[in-house]
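A closer look at the structure
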Amino acid sequence: MKKILHIQVLPKLSGVQKISLEIFRALPDDQYQKWVLFSTECDAGDRNACIQAFEQVGAKVLLSKNLKRSIGLSDFAAAREIYKLCRKERFDIVHTHSTKPGIIGRIAATLARVPKVVHTVHGLAFHRYVRFPRWQFYWACEMFASLFCHRIIMVNKYYGRYFKWFGKKVTTIYNGIDFNQFPQIEKSENNFPKLLFVGRLDEPKDPITLLQALQRVTQIEPRLTCTLVGDGEKYAECKTFIEAHGLTENVTLSGWQNNVTHYYASHDIFVASSIYESFGLMFVEAGYYFLPSVATNVEGIPEIIQDNKTGFLCEPRNPDKIAENILRLVHEMGLRKKMGQAAHAYVTEQFTAQKMTEQYKAIYENAPHR
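This is a predicted model, so every value here is computed, not measured.

About the cut-offs
- Residues numbered from 1 in each chain as written.
- Predicted model: local features only at pLDDT ≥ 70, side-chain atom pairs only at ≥ 80, totals over all residues.
- Heavy atoms only, no water.
- Helix = DSSP H or I, 4+ residues; strand = E, 2+ residues; numbered from the N terminus.
- Rg over C-alpha atoms; globule rule 2.2 N^0.38 Å.
- Contact = heavy atoms within 4.5 Å.
- Areas by Shrake-Rupley, 256 points an atom, 1.4 Å probe, with all protein chains shown as cover.
- Pairing = 2+ DSSP bridges.
- Axes fitted to C-alpha atoms, helices over the stretch in contact; angles between N-to-C directions.
- Parallel < 35°, antiparallel > 145°, perpendicular 65-115°, else oblique.
- Nonpolar A, V, L, I, M, F, W, Y, C, P; charged D, E, K, R; others polar.
- Left-handed = near helix turned anticlockwise from the far one by under 90°.
- 1 Å grid on protein atoms, 1.4 Å probe; cavity = no way out; pocket = protein on both sides within 12 Å on 5 of 7 lines; lining within 4 Å.
- Points joined across faces, edges and corners; volume = space filled by probe spheres on them.

**Topic: the overall build of the chain**
- On a plain count of helices and strands, the chain comes out with 12 helices and 13 strands.
- Relative to a compact globule of 370 residues, whose C-alpha radius of gyration would be 21 Å, the chain shows 21 Å and is just as compact.
- Considering only C-alpha atoms, the chain reaches an extent of 65 × 45 × 40 Å along its principal axes.
- Within the chain, contacts between residues at least 6 apart in sequence are counted, and of these 72% link residues at least 24 apart.
- When the accessible surface of the chain is split by element, carbon and sulfur atoms take 49% of a total near 16,300 Å².

Okay, structure coming up:
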């Protein structure tokens, strides 16, 4: 039996955690002993729900006070903690996710002589909106940590340009969803199209640009409404913007929700204004429920949303163009339904959990056994 450890940061059921859950669910209990390490940085309710979900797929959950999202002296304590854990438990595979766990976890696991160290790049800290010298610092950290693993997994093909010199240990595995877990809910027939956003209200998602676009749209179509599902560091700023610009009748902040299926089923168009986005499971979920998307042409998004076929893409931080694309889908019902059907067909073919987990299992199965 192989012993595997996944290392993440937040114990919260967002995109990255859902990917780990799907992988664990696909690993046979009689062949794998599953562990996951999280930070303690999360609200108790979200943390408990996440822990319960991982325990239901047979994983042993560990929490670390030293593993944090922000850079600090605690990183050294976290690296030491992971090193000692790997030495004690003698894991066959350590799989890190995202930037911070990927840097600390890969180095610690390799120094602890774990036979197979795998890292999935769910996003890069160096992007077009990070300036010198931070860009170079983040790039150097990522490249250095990439020396301390056996496989590097991209969730899009776009990121491959940064890892060309790591050769065959780099591959792309798209994120996937087990659509059988999604309830078959009959979609509501709305008298007027309703917009939906699902995700964290944080810097990468750039929700203020979306609100600026909605402000423009509602000046033309005052009946239009949009629901923003999610929380994050920009939640208060979004609320202030909505109140200051007279959007309280048009825009609803629903906060974090563990179950969002009924939102997809009751809305007609998915909207997002990300300035960088490695993948975006919410686009796959929206497509499954026949929602065309209005989004931005950044990083991995064009690999999920087919421009002019399953949605409309434009450059980031362009509220005028986002508003124009929204209005086109609002006014053209036939186009909206055609794109929604195309989105459903595309995501259910390309982004299944089965495709994703089979590729990860192949990597795990080639790992040496202690």
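**Digging into the sheet that holds strand 4 (residues 93-97)**
- The parallel open sheet is built from seven strands, whose spatial order is 3-2-1-4-5-6-7. Each having just a single partner strand, strand 3 (59-64) and strand 7 (170-172) make up the two edges of the open sheet. Across the sheet, the axes of successive neighbouring strands diverge by a mean angle of 20°, strand direction being ignored.
- When strand 6 (residues 151-154) meets strand 7, the two strands line up parallel, connected through three bridges. Along strand 7, the bridge assignment pairs I152 with V170.
- Seen against the sheet, helix 4 (residues 99-111) touches strand 1 (2-7), strand 4 and strand 5 (116-121) and runs at an angle of roughly 160° to strand 4.

**Some words on the packing of helix 10 (residues 319-331) against helix 11 (residues 333-350)**
- Put simply, helix 10 and helix 11 touch, their axes get as near as 5 Å, and they point 100° apart. The angle between the axes of helix 10 and helix 11 places the two elements in the roughly perpendicular class. Seen from helix 10, the contacting residues are R328, L329, V330 and H331; seen from helix 11, they are M333, L335, R336 and M339.
- A class-by-class count of the residues in the contact of helix 10 with helix 11 yields five nonpolar, one polar and two charged.

**A look at the packing of helix 6 (residues 207-220) against helix 10**
- For the pair helix 6 and helix 10, the least separation of the axes is 8 Å and the interaxial angle reads 50°. If you check the angle between helix 6 and helix 10, you find them oblique. Handedness of the helix 6/helix 10 crossing: right-handed. Of helix 10, the residues touching helix 6 (which contributes T209, Q212, A213, L214, R216, V217 and I220) are P319, D320, I322, A323, I326 and L327.
- Its residues placed into classes, the contact of helix 6 with helix 10 shows nine nonpolar, two polar and two charged.

**As for empty space enclosed by the protein**
- With the rule as written, the count across this model stands at one cavity of 30 Å³ or more.
- Within this model, the largest cavity holds a volume of roughly 50 Å³.
- F283, G287, L291, S293, I304, I305, T310, A343 and V347 are the residues that line the largest cavity.
- When residues of the lining of the largest cavity are traced back to their parent elements, those giving at least two are helix 9 (281-288) and helix 11.
- Across the lining of the largest cavity, the residue classes tally to six nonpolar, three polar and no charged.

**Quick word on the environment of G15**
- By the secondary structure assignment, G15 is in helix 1 (residues 15-26).
- In this structure the C-alpha to C-alpha distance between G15 and G199, which are 184 residues apart in sequence, comes to 9.0 Å.

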